[in-house]
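Examination of the molecular architecture
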Amino acid sequence: RPQGNAWTIEKAVATLPGRTQVEAEGLLTLAASAPSFSGSMLVASTQPSGLSAWLAGPVDQTIRQLPSLGFSAKVDLAPDLQRFEALELAIGTATLKGRIERQAPLDAPANLSFDLAGNALDLDALKAVYSLVSGEEGGESLLSNQIAGRLKVDRFSVGEISAQGLNTVFSYGEAGIKLDTLEIADLGGAAITASGRAGGSLLDYSGEGTATLKSADPRGLLEILQQRLPSHPLIDRLAANAD
C-alpha cells in the first residue's frame, strides 16, 4: 500500500530458480536516483547452482558443490549502503550469526565490516557467495573492499587447509593488513596466537608482529608449511626433525 512517496510491503513472497524462496516485508522506495528497501528479508535456496546460473550465468565450482544457501536478516539496502543486522547466514552446513555492512561511496573504495560467529566457515565458499551477490566476477572481488572484521568460528578452512577454533579481529585495505588478534586452537596440531601489521603488496611487504606457537608434535604444521611455502632449507630441516 502507498506510504507517501514509498510503498509499505506487508508481505511479499517469490519463488526463483534454484528452488529459491524469497520473503520480504518493509518499506520500498522506488526513487530513480536512490531506490531503497528497509525491512526484513529471508532467502533460502536448496539448489544454489541453479540460482547462480539464473543470476550470473557461469556457475563457480564452489557454488556448484553447495547443497544449500540462504540468509535471514533485518536489512537496509540502497546503492551506497547494504546493511544486514540480526543476520543468520547459512552456506551449506556452515551457519554464521551477526552483522554485515557495506558502504560504497562513489569516489572511494567500498568499506566492508562484519562481526560473525558460528560453527564453520570456508573462505573459498564465502568468496564465491560474495561474488555471486555483488555481481562481480572472481572471488578476489571480496578483497577489493576496505575490510574490518571480527570472526569467531569452530572450524575455518582455506582450500585443503583446515583450522579449529579461530578467533580474530583484523582490518585490511590500502594501508595493508592489521591483525589486532589471531587465536587458532589447532592448525596441524599447533596452537597459535599472533598480532601485528604489514604494508605493501602480497609480493613485496614489510611489517612487524608477535606470535606464539605451542605444539606437542609440530609435524602436521611443518608439513603444511612445506606444502604451501616456497622451498626453504630451514623448514625442510625442521620437518626432518619434527620430534
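This report concerns the structure included in the present document. (Residues numbered from 1 in each chain as written. Predicted model: local features only at pLDDT ≥ 70, side-chain atom pairs only at ≥ 80, totals over all residues. Heavy atoms only, no water.)

Scanning the entire structure with this criterion turns up 9 salt bridges. The partner of Asp76 in a salt bridge is Arg83, and the shortest N-O contact between them spans 3.4 Å. Through salt bridges with shared partners, a single network forms among Asp76, Arg83, Glu85, Arg99 and Glu101. (Salt bridge = Lys/Arg side-chain N within 4 Å of Asp/Glu carboxyl O.)

All right, on to the nonpolar core then. Residues Met41, Phe71, Leu87 and Leu151 are the most contacted members of the largest nonpolar core, which totals 43 residues. Residue contributions to this core peak at 5 residues, all from helix H3 (residues 123-134). Once residues within four sequence positions are removed from consideration, Phe71 is found in contact with Met41, Leu42, Val43, Phe84, Leu87, Glu88 and Leu89. (Core = buried A, V, L, I, M, F, W, Y, C linked by side-chain atoms within 4.5 Å. Buried < 20%, exposed > 50% of the residue type's maximum accessible area, 1.4 Å probe, protein only. Helix = DSSP H or I, 4+ residues; strand = E, 2+ residues; numbered from the N terminus. Contact = heavy atoms within 4.5 Å.)

Right, let's get into the environment of Leu238. You can see Leu238 is positioned in helix H5 (residues 233-240). For Leu238 and Leu213, which are 25 residues apart along the polypeptide, the C-alpha to C-alpha distance reads 14 Å.

In terms of strand pairing, strand S10 (residues 161-173) meets strand S11 (residues 176-187) through 9 bridges, oriented antiparallel. Across the sheet, residue Phe170 finds its bridge partner in S11, namely Leu179. Linking S10 back to S11 in an antiparallel pair, the connection comprises 2 residues. Where S11 lies against strand S12 (residues 190-200), 7 bridges are found, and the strand directions are antiparallel. Note on S12: the bridge partner recorded for Leu179 is Gly196. Following S11, the chain reverses through 2 residues before pairing antiparallel with S12; Gly188 in that reversal takes a positive phi of roughly 60°. (Pairing = 2+ DSSP bridges.)

With that settled, the discussion passes to H3. Counted at 1.5 Å a residue, the expected span for H3 with its 12 residues is 16 Å, and the 16 Å between its end C-alpha atoms agrees. What H3 keeps buried is the set Ala125, Lys127, Ala128, Val129, Tyr130, Ser131 and Leu132. For H3, the secondary structure elements touched by its buried residues are helix H1 (48-56), helix H2 (61-64), strand S5 (69-78), strand S6 (81-91), strand S7 (94-103) and strand S8 (111-122). The backbone nitrogen of Asp124 lies 2.9 Å from a side-chain oxygen of the residue at the head of H3, namely Asp122. (Expected span 1.5 Å × (residues − 1). Polar contact = N/O pair within 3.5 Å; in protein donor to acceptor, adjacent residues only side chain to side chain.)

Before going further, it helps to spend a moment on the packing of helix H4 (residues 219-228) against H5. Where H4 meets H5, the axes come as close as 9 Å, and the angle between the chain directions of the two elements is 150°. By the angle between their axes, H4 is roughly antiparallel relative to H5. The two elements H4 and H5 meet at a crossing, and its hand is left-handed. Across the interface between the two elements, Leu222, Leu225 and Gln226 of H4 pack against Ile235, Asp236, Leu238 and Ala239 of H5. Within the contact of H4 with H5, the residues separate by chemical class into 5 nonpolar, 1 polar and 1 charged. (Axes fitted to C-alpha atoms, helices over the stretch in contact; angles between N-to-C directions. Parallel < 35°, antiparallel > 145°, perpendicular 65-115°, else oblique. Left-handed = near helix turned anticlockwise from the far one by under 90°. Nonpolar A, V, L, I, M, F, W, Y, C, P; charged D, E, K, R; others polar.)

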